[in-house]
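# Summary of the model geometry
Residue-level listing of the chains:
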Amino acid sequence: MLKADRNDYERICSEFGVKDLHLILKQLDEKKERSQNKRKQDDIIPYDGNETEKHSLKSVGRTTNFSIDGLMQKDTELCKGDIQEANLRNAGLPQMDPEKFILPAEFKFSKVDFVIKIQEIKAEEREDALFECVLTHPLPNITWMGKGNILEDGEKYNLTMSDHKLIHRLLIKDCQMLDKGIYSAVVGNTSCNAWLVVEADSNPAPGGERRPRKTTLARGARTDIEKVAQEQQRKIQGEMEKLLAEVNAKYGAVHITDKLSLEELALEELTLILSTGGKYSKVTGQGENQEDYSEETKNFTGHATKSKYLKQSRDSEIGVIDPKELASENESSRYDEDEDATDQDKHTISPKQDQKPKDALDDPKELASENESSRYDEDEDATDQDKHTISPKQDQKPKDALDGESARLKDDIRCDETEDETESSTHMRRKTHAPQIEDLVVDPGVQFICGLTDVSAIINEIAELTCKLSSEDCEGAWFRDGKQIFQDESFSITKDGPIHKLVISKCTEEHSGKYRFEADGRKTEAMINVKDPPRFDLEDLSAFTEPKTVKVGHNAIFKLHFLGHKPIKIQWFREGEELQDDNNTRIEKSASHSRLLLSRCQRKHTGEIKIKLKNEHGFTEALSRLIVLDKPTPPLGPAEVTESSATCIEFRWRPPKDDGGSPVINYIMERQQVRRNTWKKIGEIPGVSSYRDAGVERGRKYCYRIRAVTAEGTSEVMETEEMQAGTLAFPGPPAPPKVASAFDDCINLSWAPPSNTGGSRILGYILEKRKKGSNLWSVVNANDELIKEKKYAVKDVVAGMEYEFRVTAINLSGAGEFSSPSEFVFARDPKKPPGKVTGLKVTETSYNHLVLTWTKPEDKPGIQDEARGYFVEIRQADCIEWSRCNSTPIIMTSFSVKGLKSMDMYWVRVIAINDGGESEPEELPNYVLAMPSPVRPRFTNNKMKSFFVVRAGNSVRITVNFEASPRPAIIWLKDNVPVTKRITISNSDGSSQLLIPSSERSDSGIYSILVKNLVGQETLSVEVRVTDDPKPPGPVELEENVPGTVTVIWEPSPDEKRDDRLHYTVSKLDSTKRSWVTVADRLFNNKFTVCNIMHGREYHFRVYAKNDMGISAPSESPTWGVEKKKEKFLVSVPTMKDCDLRCAPSFIVPLKLHTAPKGYECYMSCAVKGNPKPRITWYRNHISLNTNTNYYISNTCGVCTMLILRVGPKDMGEYSVIAENSLGRAECSTILNVRE
């Protein structure tokens, strides 16, 4: 394994049956270290087992470079992106632009989630489907999977992302049935998936043509993902600004020894927060691993923090470096080659951590190039070097913390200024000696505001590199692969203020390479990759895109010239299907052109022709269209008869399905009478797909042949089914005529046509009239003068006479039935409209209707005629449009308007009408309120009680009936205060109810209802007493103050204070009688004197408590009247004994559970007793805290306290107190929880 490649370690271990790979790697590193130490002693160059993977730590002047490459990550089942591409410095950290902020690969998959997940898409065939998702943090790429396979960007799938790298899209082109399935977007262990449902094309293009594709998105209410992404972008910006402020506050004024900028510290902080799930923050010092991180940073730099800068001026004053200067310093020092290096210290670092899976190794080409750079630096910079071996104090971290450690380590590594590679892939710490601090001085100088970016150029086209400095006066130099570039025919070097540009006018393959720009010791690099993708000749392409038209049976030729890097793969397609050489297809391919020959083209070959060129640099496509002309297909049947009468047949058909590429000019018609063998040529008709044959005989059947004619020829024949000429079929009756207007000498009429035309068109109408009272109908128009229109002016009338009219329709078969007669109409000039109604008033109102009455207008000949009816109109006060309440005129002079809204205001008017028209409207002067006539509130509960007694726990229901108009406002009060929400109030038009579902004693009081409207108000009060059976009085005592009397004294009942109506009853039992006698009732005090007490008798007394609810249990008195015998009084003096006050420890007040916010104080206390005084010991998780200075512990007179000043997650756990003395031991415990 010493000589094997590190990628083969796992295979070698598996071959030899070694299971503990970590132990083998540890022993292998120790063996290498011993070999190197031995060779150092013998002045031999140290052994380097793997030239492509090495660690190096070089100190050159004020620059310290530390790089580790070849690290292997834990397998996340995903390909990680390039760390340098994900590096925050390259994205312009001084501005902390979240659009360019990309998470490091080690943690960017751990806590990134989806803000918007992909949604199900239903697409038809040939459509494009677009999946979209939005991430919580920007990523340069995510993994798209389709039906279990990883999808890559190419011809079928297009993977794109937005500029701010929050929106990622998957475009599936030209969906087919095979594309149906589940598609997923994967970020680390987080994923989302959705179905792609592909349906058959519901509307295929005619003639086999292909329609332009359209893109289908997720159905339903689609979220504006751009807006969501911008919100997330602003959120990330706020997080980064907050981190910068915290890092600046913590590190800004401290000596800084490592080459990490303030923004890099913010990135390191964000890395740590996200990788640990928010459990740890180096800025706030919170988390379970706080002590470990503190120890690590002390070992790494000799200070309490890991990444700091030192800026020392000439007068030895130390200040804080501007974050922008730090970012610029990082940018320039990143590419520093350390050519002037002196007094270097090289440190060989011995790794102790586990190897990671080999699938996470960096690109071998990148490793090789970095190795050469590293060796070049070592040869140039090796002067007066001291070599030290540093062993990490911590060999191995727990498995669950490995990912977070790797994330922080790799972030530190990628922030280095050189591209040196190191020997191992484990986590190291660096130790910088204190004397070196004074030698480091940072001078910001000229900074890069915008560095170079990689460029992909096309051969023979222009490529441009641009960077921007912080100064306009600084000159710089351009280099390609280490050699300086000067302006010539190929390169154009320009400077516009602080902007420096390098333009390659005509790119060739030789121009590919690494370009560097140097200015004032600062450097920035980028790659130019010159590609030679396939390209078409523009003139050929313009001619190729024009549709090619050929006749059927002829050949079609497509030819295109192209350029591009060889080899070029050439493919031809027709309607999406790739063409191969066969009898009718021939494809010619050469280095500079391709030719497609389609022989003997048929009409079905019409469609899209596509050529596709592809090489290792890309691909291109060109589209054209082939149109093959042929004769049309036959017209489509069946023929539809539109008119069939005794004299003609009219029918229509559908045009040919395929016109052969040319429009239909004419149709050739032939006719055959059924049961005859001859066909009669009718001739050619214009290209309209309908024909009217007027040369038929009534009742005969005919067949027709139809051919379509185009410029390419005549189609095959289409023969219709049998069509029969109509028999005699008369039309139905028209609608009754309506009178449009009437005059002394003319009456104008109109009517509607019949619904049944008899199978032929209507030729005209015949109109008849009849006088009122006569049975004779006379024709208005002559038989030979049919009325063509559906209206007629009848002039043959006599003034003052009344007429009615009827009409009949005539078709090819003859006259049909007459219509029903019209209404009678006078032949006279129009009447004058009536005048306004008078006396309009409202006689009755309610909440939903009102009643109007009025007087009919006067009849004034020549001015206003008699009214024949009336219309009533209303409108609400907030509406400007009038609505009619009756659809037909009413004859009565009163009307009830219904359907009003309660308490709404309405305007009302009445319009008179007759044959002459409508009168002017008569409107009420004021609006009408939809309510009954005003009535002052009045209560109608005449027999309602004014006092209620309710047992506690029962419901209280008070219903009050009243009369009031308009509808009043109702307010319930309890003791002149509005009732609480637990009391339910139900109001209706004429009543109100108060409900207490479960009453309590506190509900006792006077309840009042206030009913108020516009007219007045009224109040009704009800007293409610909520009580229960009283509790019995207290102990009863007897006293004899006067001979022959006994004073009964008792303690009051507990309910006396809550019930002012509670009273007492006293009963007596004489020993000579067997019944109890009430001696006092309704006593409101606690004492009563009973008279007539006889000497020599025994008496018993009982005291009861009573209230409105009932009576309590009795309280018994002692027996009165029995004399006690006197006994001798003996005094026994007890023997005095010494009292033993010793006792074992016991807790009087135990510990309580505590939950404290993070960062706050936590105070625990308990009380313990014991004699002799017990010894108190505090424990956390069974570990003694008495000697821990972080906890303030005290014991005063048995009160034991402990104070934690700033509670953190590490303080969570079980706390216990143990008290011990010579007589025993006691323990009390609790749990402390810390809330975020």
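Each remark here, short or long, concerns the structure printed above.
A brief structural summary.

So, how was this worked out
- For every chain, the first residue of the written sequence is number 1, and numbering continues from 1 onward in sequence order.
- In keeping with the predicted nature of the model, local features appear solely for residues at pLDDT of at least 70, side-chain atom pairs appear and are counted solely at 80 or more, and the whole-chain, interface and lining totals rest on all residues.
- In computing side-chain properties, one takes all heavy atoms of the structure into account and sets aside hydrogens as well as water.
- Strands here mean DSSP runs of E at least two residues long; helices mean DSSP runs of H or I at least four residues long; both are numbered from the N terminus.
- Think of it in three bands: with a 1.4 Å probe and only protein chains considered, a residue is buried below 20% of the maximum accessible area for its type, exposed above 50%, and partly exposed in between.
- Contacts are assigned to residue pairs with any non-hydrogen atoms lying within 4.5 Å of each other.
- Only the protein chains shown count as cover for residues, with accessible areas throughout obtained via the Shrake-Rupley method and a probe of 1.4 Å.
- Note on pairing: two strands pair once DSSP finds at least 2 bridges between them.
- To get an axis, a line is fitted to the C-alpha atoms, and for a helix only the part in contact is used. The angle between two axes follows their N-to-C directions and goes from 0 to 180 degrees.
- In plain words, nonpolar cores are sets of buried Ala, Val, Leu, Ile, Met, Phe, Trp, Tyr and Cys residues tied together by side-chain atoms within 4.5 Å.
- Definition used for salt bridges: Asp or Glu carboxyl oxygen within 4 Å of a side-chain nitrogen of Lys or Arg.
- Patch membership requires over 30% relative accessible area and the absence of a salt bridge. Like charges are linked within 9 Å, and nonpolar side chains (Val, Leu, Ile, Met, Phe, Trp, Tyr) within 5 Å.
- Asp and Glu count as negative and Lys and Arg as positive, but His and the ends of the chain are not part of the count.
- Charged side chains are reduced to one point each, which is NZ for Lys, CZ for Arg, CG for Asp and CD for Glu.

### Structural notes on the overall build of the chain
Along its length, the chain carries 9 helices and 83 strands. When burial is assessed residue by residue, the chain has 43% of its 1236 residues classed as buried. Taking contacts inside the chain between residues at least 6 apart in sequence as the whole, the part at least 24 apart equals 67%. Of the roughly 66,700 Å² of accessible surface on the chain, a fraction of 48% belongs to carbon and sulfur atoms.

### Some thoughts on the sheet that holds strand 77 (residues 1162-1171)
Strands sit in the order 75-77-81-80 across an open sheet of 4 strands; the sheet is antiparallel. Two strands lie at the open edges of the sheet, namely strand 75 (1143-1149) and strand 80 (1192-1196), each paired on one side alone. Neighbouring strand axes in the sheet, compared pairwise and without regard to direction, differ in orientation by 25 degrees on average. Two elements, strand 80 and strand 81 (residues 1199-1204), share 5 bridges in a ladder whose sense is antiparallel. Along strand 81, the bridge assignment pairs Ser1194 with Thr1201.

### Brief notes about the nonpolar core
Core analysis: the largest hydrophobic core is formed by 24 residues, its most contacted members being Phe131, Ile142, Trp144, Leu170, Ile172, Tyr183 and Leu196. Those elements that provide at least two residues to this core are strand 4 (121-124), strand 5 (128-135), strand 9 (167-172), strand 10 (181-187) and strand 11 (190-199). Apart from the residues within four sequence positions on either side, Ile172 is in contact with Glu127, Asp128, Ala129, Phe131, Lys156, Tyr157, Asp179, Tyr183 and Leu196. Counting 23 residues, the second largest nonpolar core, distinct from the first, contains Leu469, Trp478, Leu502 and Ala519.

### Looking at the pairing of strand 66 (residues 1005-1012)
Burial within strand 66 is extensive, with 6 of its 8 residues counted as buried. With 6 bridges connecting them, strand 62 (residues 969-974) and strand 66 associate as antiparallel partners. Within strand 66, the residue paired with Ile971 across the bridge is Leu1010. In this structure, strand 66 lies alongside strand 67 (residues 1017-1027), joined through 8 bridges in antiparallel fashion.

### Observations regarding the environment of Pro997
Position of Pro997 among the secondary structure elements: in the loop between strand 65 (991-996) and strand 66. Overall, the relative accessible area of 49% leaves Pro997 in the partly exposed class. Sequence separation between Pro997 and Arg982 is 15 residues, and the spatial gap between their C-alpha atoms is 8.4 Å. For Pro997, the contacting residues outside a window of four places in its chain are Gly953, Asn954, Ser955 and Arg982.

### A word on the sheet that holds strand 20 (residues 491-496)
Two orientations exist for strands paired in a sheet by backbone hydrogen bonds: parallel and antiparallel. The 4 strands are arranged 15-17-21-20 in an open sheet whose pairing can be described as antiparallel. Bordering the open sheet on either side are strand 15 (448-450) and strand 20, each of which pairs with just one other strand. Strand-to-strand twist of the sheet, defined as the mean angle between neighbouring strand axes without regard to direction, takes the value 25 degrees. Inspection of the sheet shows strand 17 (residues 463-469) paired to strand 21 (residues 499-504) by 6 bridges, in the antiparallel sense. Of the residues in strand 21, the one forming a bridge with Cys467 is His500.

### Looking at the pattern of salt bridges
Side-chain pairs of opposite charge can arise whenever the charged atoms involved come near each other. Within the structure shown, the criterion is met by 49 salt bridges. Here Lys501 makes a salt bridge to Glu464, at a shortest N to O gap of 4.0 Å. Placement of Lys501 in strand 21 and of Glu464 in strand 17 is noted, with a sequence separation of 37 residues between them. For Lys501, a relative accessible area of 31% puts it in the partly exposed group. On the basis of relative accessibility, which here comes to 38%, the residue Glu464 falls in the partly exposed class. Between Arg516 and Glu518 there is a salt bridge; the shortest N-O distance is 2.7 Å.

### Focus: the side chain of Lys769
Examined against the element boundaries, Lys769 turns out to sit in strand 44 (residues 764-771). Look past the residues within four positions of Lys769 in its chain and what remains in contact with it is Leu776, Trp777, Ser778, Val780, Asp796, Val797, Tyr803, Glu804 and Phe805.

### A look at a negative patch on the surface
Negative charge collects at one region of the surface, where Glu472, Asp473, Glu475 and Asp496 lie side by side. Secondary-structure assignment places Glu475 in the loop between strand 17 and strand 18 (477-480).

### Digging into the pairing of strand 71 (residues 1077-1083)
Where strand 70 (residues 1063-1070) lies against strand 71, 4 bridges are found, and the strand directions are antiparallel. Bridge assignment links Val1066 to a residue of strand 71, and that residue is Ala1080.

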